[in-house]
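The residues making up each chain are set out below.
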Amino acid sequence: MIRTWEDLQEIRKRGAKKIHPDKIKIAVGTATCGLATGAGDVLKAVREAVEQCRLDAIVAETGCIGYCQKEPILDVCIPGFPRIFYSEMTPAKAKQLVEALAKGEHKPEWALGKILSETNLIDESVFNYTMEKAPIEIAKIHNLNDISFYKKQFKIVLRNCGMIDPEDIEQYIAMGGYHALFKILTKKRPQTDLIEAVKKSGLRGRGGGGFPAGKKWETVYKAPGDVKYVICNADEGDPGAYMDRSVLEGDPHSVMEGMIIGAYTIGSNHGYIYVRHEYPQAVRKFTKAIEQARELGILGKNIFGSGFDFDIKINRGGGAFVCGESTALMASIEGDVGEPRPKYIHTAEAGLWNKPTNLNNVETWANIAPIMARGADWFASIGTEGSKGTKVFSLVGKVKNTGLLEVPMGITLREVLYELGEGIPEGRRFKAVQTGGPSGGCLIVDTFGWKHREYLGDTAPPAVSYVTESLIDLPVDFDTLTEAGSMMGSGGMIIMDDTSCMVDIGRYFLNFLKEESCGKCTPCREGIRNMLSILDGISEGRGKPEDLDRLVEIAQVLQDASLCALGGSAPNPILSTIRYFRSEYEEHIFHKRCPAGVCKALIRFSIDPEKCTGCTVCVKACPENCIEGKKQKPHRIDEPKCIKCGSCQEVCKFNAVVIQ
Amino acid sequence: MTNEKTKETKQAKPPKEMVKLLVDGREVEVEKGSYILHAAEKLGIRIPTLCYYKHVQPYAACRICTVEVKRGHKVRYVTACNYPAENGIEVVTTSDRIKAIRKLIVEFLLARCSKVKVLRELADELGIKESPYGYGEEGCILCGLCVRVCNEVVGAKAIAFAGRGIDREVTTPFKVDSERCIGCGSCAKVCPTGYIKVASTEEDKIVHRDVTLGPNTAIYVPTMQAVPNKPVIDTTSCIYFRNGKCKICAKICPTEAIDHEMQDKEKEIDVGSIIVATGYQLFDPKKTMQYGYGRFDNVVTSLEFEKLNCAAGSTGGKVLLANGEEPKSIGIIHCIGSRDKNYHEYCSRVCCMYALKFSHLVKEKTGAEVYDFYIDMRSFGKGYEEFYNRLLEEGVRFIRGKAAQVSNEPIYPEEEGKLVIRCEDTLMGRVRRIPVDMVVLCSAIEPRDDSPELARLLSMCHTKDGFFAEKHPKLAPVSTATDGVFIAGCCQGPKDIPDTVAQASGAASQAMSLAAKGFIEIESATALIDDKRCTGCRICNDLCPYHAIEFIASDKISKVNDALCKGCGTCVAACPCSAIAARQFKDDQVMAEIEGVLA
Amino acid sequence: MIHEKVAAIIDKYEGDHESLIMMLQDMQDSFRYLPEEALRYLGERLDIPMTQLYAVATFYKAFSLTPQGDHTIHVCCGTACHVKGADRIVDRLERELHVKEGGTTLDKRYTLKTVRCVGACSLAPIVLIDEQAHGRLTQDKAAKLVRPKKTA
């Protein structure tokens, strides 16, 4: 039980010892992304090897440091050494590494980077690793913060991810956690002060819409009623974004601290966290975090002896994108179907069970404790005029470095793509960036020099302006993205190269939404159905000249007349792709051609006899046995039998399979 | 009772807060808490709706009622059915943009359900010639009215939405008949597309027994001329009495006169006179098995046939067979149970004339062939015989002779699928078989089963046929043996409406003349009990035909109620102790009279 | 049997209506689908109308009303996976297992499903077999995931 400042400091010391122990510590990043690449096996191998070599070491688990491309990652702390991260581990490599460590040797060639000192974000205390025992080859390892993926990052939300054991509250406290909360509660800081601080920080909701958090808090605070609720929206639905999962798996207490501060501010005693059921690990880790917090008296009755009561309940979502919408999420917590209701009365006044409710998403909550600890001015000094602080993006798709990155608002796409992402693999060309999930849009990066056909509708000017300039230098924040026809969303950035077809991307999102729309209101349900059937037509070679106008017409009605934000933003992927890639649509409609080689009905596979070496790999891979060819003679695809599955292209090492 | 209560509640209500807004440039004031739709309605501006129904919470799903709301400089598109009317907002209900939105929504819905009438009408209104998105065959537009009515109003919770996105549908759990459905039909009633149907009406089968005089609802006025002319609630079918919800009738009643909690009460009322007008009951034609009533769907009683004819009734005044088709021939059989030694010997007096009326109506409405089977045609009233003659000209076939049997066993080809009436045509002198589609039985008027009970209560007499007896057939046709009790109408004997009205007027004036006088005169010659000689044997008590003698338990003697005593002398003769004397007719007075006569 | 299992789940969440979706998830895990009888029993115990349970059970993707295979294969169809060829993987698995998306193999071993995003986009395309994630797949690798187990 923590009652006094001394109690807290005691735990802090204990926690610090666990982060930087007196002996060797090997931590394996076992968040979902790590596990997907075999971190589980690596962990097992490390444990076995430590046992075998009788190495006196602690084997621990940690979250994800964001560089998912390089998973599984091992974090090795040795007293007298800098902290070293080893990347792309396999069980065999892990075993060798442990064996080497047991002999006092190292594997600097496998290292991703080293850390020499850690500055605690919360109170700016510095922990320095010594280099005294480190041999010269260790000193030669790059500093982690100097490698391109980390260079421009500024970590607030992800500060602890991958650095501490998320299942140990003491380590969170060691990083300055719960200090801000302790001061607020024990000094009984006035609620209005806290609201003022959030307002002044300029923090905007990180869930998608970017609503000013302070304004929302104030409305809930002022709303009449004894019972109020705090909800953490962890129903991270945007495909391509996974920062919330990573935070919950890597640093659940930072979210919890934010929620408790929020609850104290608005005067709430009940909190909920609504987590997607697709994130079982996040649920497990957060459940454990709640238990630990209760044990220490940070949750429950009379927190820190301040007289303030608050507890959190976990609700697992049932698998519905629409439940990311606040009113649908609340209906879902109430045990009902996740149908949004009109928000003419804001949820801040009548939300869950019709009580004032303060709903923020994971990333927003995780920003609260640092704001309280370091002050609103500090936070407001980061970012742009309209968008303060940092934003976590998940950089995924056709880019060399994939992973989570936290950067100050206002960073340009160019910096993200070319510096942090280090460009595109396999010598392809960048084409577009998709942000904001199904509610966002695709931004143009390269036009490939295509020209739009002359506008073929009636003489009225086109309803959307068509842009062909690259947006590569667009500074990324809430407002610029909205202006560009996309959205910040929860921060997914999906990079597409010239093998991604924009008509197909539009279809993809509509296919997604046709299942994820709740189906309540006509424009959304029927609009999506009809837009999809038009796009299906286009991608199957049945496109008609009037299709584009019709799509724009439907899209505009959806924006105006849909009941909730899901329907209102559903046309964004279509509108943005038409806006930036109209020429590609026109290729499909008028020339019945898919330039990116994706739409099956418009392409055919063939083998370039020049490049084919006759290795017969494709012959074996073809599921339909429609490739003929003898060894070392160019092969040929029997087109009528080809199902265009792409297996041959995937296995060909000589790029001899071409799509026309 | 109810009125007083209403007044109280009305007074208790605080004055309603009002808000002012502009709709299409016109200012309107509505109660706070109402929606834009109501404000527009108040101005007579129509906004189309599909998923709105005033007795359920607005749902805002169809979005056809989208309007433009301007507050300050901010313009939003909102749904009128659920956007609260607020002070100072400006609403525009039609603009090019709104039209475009509505048009697209209707086109979408047409693409889903092209055959739905309301959508076709809306399409015409919005000038949609054809939907560019195709024409679907669905029947449901997913407005959710049925689901909401079933949940919110009926409380049965039998139907729900299932699935999501484009696979959303309205269904019962597991798509089987829901055990929670109470068959109230509310969902079918609110369904704007007619997609939901109540299973029993789907077959269009008409059960003549269940045909009613008014609309078939749980709250109804019993008959069109009911006195008092007020509706009653049928507690067996009212949703409130089955599920504890709904109460829509109470909500819409402008005088708040409906109280579902009210209980039936017995009241005692002191009156000076009583008019008995308890009417009659219809002879049950099941007793005359040969006519097949109850066995054949299309053999009906005259009353059932009358209800079919009622314009406000459940068939809307159409004469229909059980299968919902119009009959091509009808047989009307007179004297069922009357003028019949086996049942009632008397003539029911009204049947001939209403049979003629039926014949006329059937001819007028359907043009069907009508056969009247009569024993004697009794058209004795004013203008009646003329009516009969007219019908002869209209081509109604009158067959003199009592019908013997109605069967469904054909002998000849033209009798296939018909009811066959077998009868002796006494004018032709031979037995005939007449195939018809429908048979109407003119059942006898008979005394009510409870009339002996009532007679006992009021000390009335009845005649051999069971009807109440009047005091004197010529001199006192509305009075009974009990003073102050009068009879009128068919409880006294079969009669038609003019006769009933005449007799009722007589009874009423008799009662009025008593009331106008303010007092009653009693017989001077009443019995008198000598207290000293009465032994309290109570023999007289039971003998008195007027229940005028009471036993006084405390004094152990009997006493005569002078107001009831008719001076008949029964008790005087019966008293074993000679304790009772008749005033004016005491022994010595009688003796003196005799002496005077003899002198 | 069904009743006892459901009763145990209800007790676990103390019959709290707010936990309805989680109870249904536990039921789904325990029976591998939501049997009608289990839903009826749950409705009776918690006094929740069947209409609500049916609506919830058909609304959320986590639930199914027909029995599922022993293992569930979730092919992630998030945007990142899509641009990296998740469609092709679904196609391949459909051919490999002879089922359509959403279906269950005849031997009841696998149910093939797509999921909107499992939140491991950096490893796209990704397939989840039960809770085990397999990242950076190709058509062949995905096919191999289901093949050896099939013969074993």
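Predicted model only: the values in this text are computed from it and were never measured. (Residues numbered from 1 in each chain as written. Chains lettered and ligands numbered in written order. Predicted model: local features only at pLDDT ≥ 70, side-chain atom pairs only at ≥ 80, totals over all residues.)

Moving on to the overall build of chain B. If you tally the helices and strands in chain B, you get 17 helices and 25 strands. Against the compact-globule benchmark of 25 Å for 599 residues, chain B has a radius of gyration of 35 Å, which places it well outside the compact range. Its C-alpha atoms give chain B principal-axis dimensions of roughly 120 × 75 × 50 Å. Evaluated residue by residue, chain B yields a buried proportion of 32% over its 599 residues. Long-range pairs, those at least 24 residues apart, make up 60% of the contacts in chain B between residues at least 6 apart in sequence. (Helix = DSSP H or I, 4+ residues; strand = E, 2+ residues; numbered from the N terminus. Rg over C-alpha atoms; globule rule 2.2 N^0.38 Å. Buried ≥ 20, exposed ≤ 12 C-beta atoms within 10 Å, placed from the backbone. Contact = placed C-beta atoms within 7 Å.)

The secondary structure content of chain C amounts to 7 helices and 4 strands. Along the chain direction, N to C, the helices and strands of chain C fall in the order α-α-α-α-β-α-α-β-β-β-α. For chain C, the spread of C-alpha atoms along the principal axes amounts to about 50 × 30 × 25 Å. Within chain C, the proportion of its 152 residues that are buried is 53%. For chain C, restricting intrachain contacts to residue pairs at least 6 apart in sequence, the fraction spanning at least 24 positions comes to 60%.

In this section: the interface of chain B and chain C. Opposite the 10 residues of chain B that make contact, chain C presents 9 residues. The residue inventory of the side of chain B that touches chain C, partitioned by class, reads 7 nonpolar, 1 polar and 2 charged. (Nonpolar A, V, L, I, M, F, W, Y, C, P; charged D, E, K, R; others polar.)

Another aspect to go through is unusual backbone geometry. Most peptide bonds take the trans configuration, and most residues that are not glycine carry a negative phi. Following E71 of chain A, the chain continues into P72 of chain A via a peptide bond in cis, with omega recorded as -10°. In this model, L142 of chain B sits at a positive phi of 60°, which is unusual for a non-glycine residue. Within the fold, L142 of chain B resides in the loop between α4 (117-125) and α5 (145-154).

The next point concerns the interface of chain A and chain C. Each partner contributes to the interface: chain A provides 51 residues, whereas chain C provides 41 residues. Breaking the side of chain A that touches chain C down by element, the ones donating at least two residues are α2 (32-36), β10 (311-316), α14 (326-333), β12 (390-397), β16 (492-497), α19 (502-516) and α25 (647-651) of chain A. Here the element with the most residues in the side of chain A that touches chain C is α2 of chain A; it accounts for 4 residues. Across the side of chain A that touches chain C, the residue classes tally to 21 nonpolar, 21 polar and 9 charged.

Mapped onto the fold, E345 of chain B is located in the loop between β13 (329-336) and α11 (351-365). Of the residues examined, E345 of chain B has 11 C-beta atoms within 10 Å and is grouped as exposed.

Residue and element names in this part refer to chain C. As a packed pair, helix α3 (residues 36-46) and helix α4 (residues 50-59) sit with axes 9 Å apart at the nearest point and diverge in direction by 130°. As the angle between them shows, α3 and α4 are arranged oblique. Judged by the twist between their axes, the crossing of α3 over α4 is right-handed. Side by side, α3 and α4 meet where L39, R40, L42 and G43 of the first sit next to M50, L53 and A57 of the second. (Axes fitted to C-alpha atoms, helices over the stretch in contact; angles between N-to-C directions. Parallel < 35°, antiparallel > 145°, perpendicular 65-115°, else oblique. Left-handed = near helix turned anticlockwise from the far one by under 90°.)

All names here are of chain A. Residue alternation in strand β3 (residues 74-77) divides its side chains into two sets, L74 and V76 and D75 and C77, and both sets are buried. Sheet topology places strand β1 (residues 24-29) next to β3; 4 bridges connect them, and they run antiparallel. Bridge pairing in β3 places V28 opposite L74. In terms of strand pairing, β3 meets strand β4 (residues 83-86) through 3 bridges, oriented antiparallel. By the bridge assignment for β4, D75 is matched with F85. (Pairing = 2+ DSSP bridges.)

So, on to the sheet that holds strand β15 (residues 441-444) of chain A. Residue and element names in this part refer to chain A. Read across the sheet, 5 strands follow the order β13-β12-β16-β14-β15 without closing on themselves; strand pairing throughout is mixed. Each edge of the open sheet is held by one strand with a lone partner, namely β13 (403-408) and β15. Neighbour to neighbour, the strand axes of the sheet diverge by 30° on average, direction disregarded. Of the strand pairs in this sheet, β12 and β13 are connected by 6 bridges, and their pairing is antiparallel. Paired with S394 across the strands is L404, a residue of β13.

Moving on, we come to the nonpolar core. Ranked by size, the top nonpolar core spans 316 residues in total, and within it C76 and I126 of chain C carry the most contacts. Beyond its immediate sequence surroundings of up to four residues, I126 of chain C is in contact with A36 of chain A together with C76, C81, V118, A120, A133, H134, G135 and L137 of chain C. Grouped together as the second largest cluster of nonpolar side chains are 56 residues, V299, I336, L391 and C491 of chain B included. (Core = buried A, V, L, I, M, F, W, Y, C linked by C-beta atoms within 7 Å.)

Here we take up helix α6 (residues 86-97) of chain C. Each α-helix winds once per 3.6 residues, and so residues spaced three or four apart point in a common direction. In a regular helix each residue adds 1.5 Å, so 12 residues correspond to 16 Å; α6 of chain C covers 16 Å between its end C-alpha atoms and thus fits that length. Turning to α6 of chain C, its buried residues are A86, D87, R88, I89, V90, D91, R92, L93, E96 and L97 of chain C. (Expected span 1.5 Å × (residues − 1).)

With that out of the way, let us pick up the pairing of β16 of chain A. All names here are of chain A. Within β16, 6 of the 6 residues are buried, which leaves the element mostly enclosed by the surrounding structure. What you see with β16 is no split at all: G492, I494 and M496 on one side and M493, I495 and D497 on the other are buried throughout. With 4 bridges joining them, β12 and β16 adopt parallel strand pairing. By the bridge assignment, V396 is partnered in β16 with I494. Examined bridge by bridge, strand β14 (residues 430-435) and β16 share 5 bridges and lie antiparallel to one another. Across the sheet, V433 pairs through a bridge with I495, a residue of β16.

A separate point is the environment of W378 of chain A. Residue and element names in this part refer to chain A. In this fold, W378 is placed in helix α16 (residues 376-380). The exposure class of W378 is partly exposed, given the 13 C-beta atoms found within 10 Å. In this structure the C-alpha to C-alpha distance between W378 and S201, which are 177 residues apart in sequence, comes to 7.8 Å.

The next thing to look at is the sheet that holds β13 of chain B. Residue and element names in this part refer to chain B. If you trace the 5 strands from one edge of the open sheet to the other, you get β12-β19-β13-β14-β15, paired in parallel fashion. Two strands in the sheet have a free side with no partner beyond their single neighbour: β12 (299-301) and β15 (397-400). Taken over all neighbouring pairs, the strand axes of this sheet differ in orientation by 20° on average, direction set aside. Relative to the sheet, α11 contacts β13, β14 (369-374) and β19 (438-443), its axis offset from that of β13 by approximately 175°.

So, about the domain arrangement of chain C. On domain assignment, one finds that chain C holds domain 1 (2-59) and domain 2 (71-151). Put simply, the middle of domain 1 of chain C and the middle of domain 2 of chain C, counted by C-alpha atoms, are 29 Å apart. (Domains from an automatic or database assignment.)

This part covers the confidence of the model for chain B. Confidence in the prediction of chain B, expressed as mean pLDDT, is 88, and 94% of residues score 70 or more. Here residues 1-10 of chain B is a poorly scored stretch, pLDDT under 50, and it has 6 contacts once near neighbours within four places are set aside; other chains count. (pLDDT = per-residue confidence, 0-100.)

What follows concerns helix α9 (residues 191-201) of chain A. All names here are of chain A. Every buried residue of α9 is listed here: L194, I195, A197, V198 and S201. Within α9, the buried residues cover an arc of 155° as seen down the axis, which keeps them to one side. Opposite the buried face of α9, by more than 90 degrees, sit the exposed residues T192 and D193. For α9, the elements touching its buried residues are α8 (179-186), α10 (213-222), α12 (252-266), α15 (362-374) and α16. (Arc of directions from axis to C-beta.)

With that settled, consider the packing of helix α11 (residues 243-250) of chain A against α15 of chain A. Residues and elements named next belong to chain A. Where α11 meets α15, the axes come as close as 9 Å, and the angle between the chain directions of the two elements is 50°. The angle between α11 and α15 falls in the class oblique. Facing α11, whose interface residues are M243, D244, V247 and L248, α15 presents V362, E363 and A366. Residue classes in the contact of α11 with α15 are distributed as 5 nonpolar, no polar and 2 charged.

All names here are of chain B. Among the structural elements, Y291 can be located in the loop between β11 (281-282) and β12. Through-space distance from the C-alpha of Y291 to that of F486 is 38 Å; in sequence the pair is 195 residues apart. Leaving out residues up to four positions away in the same chain, Y291 has contacts with P285, V299, I333, I336, V406 and L441.

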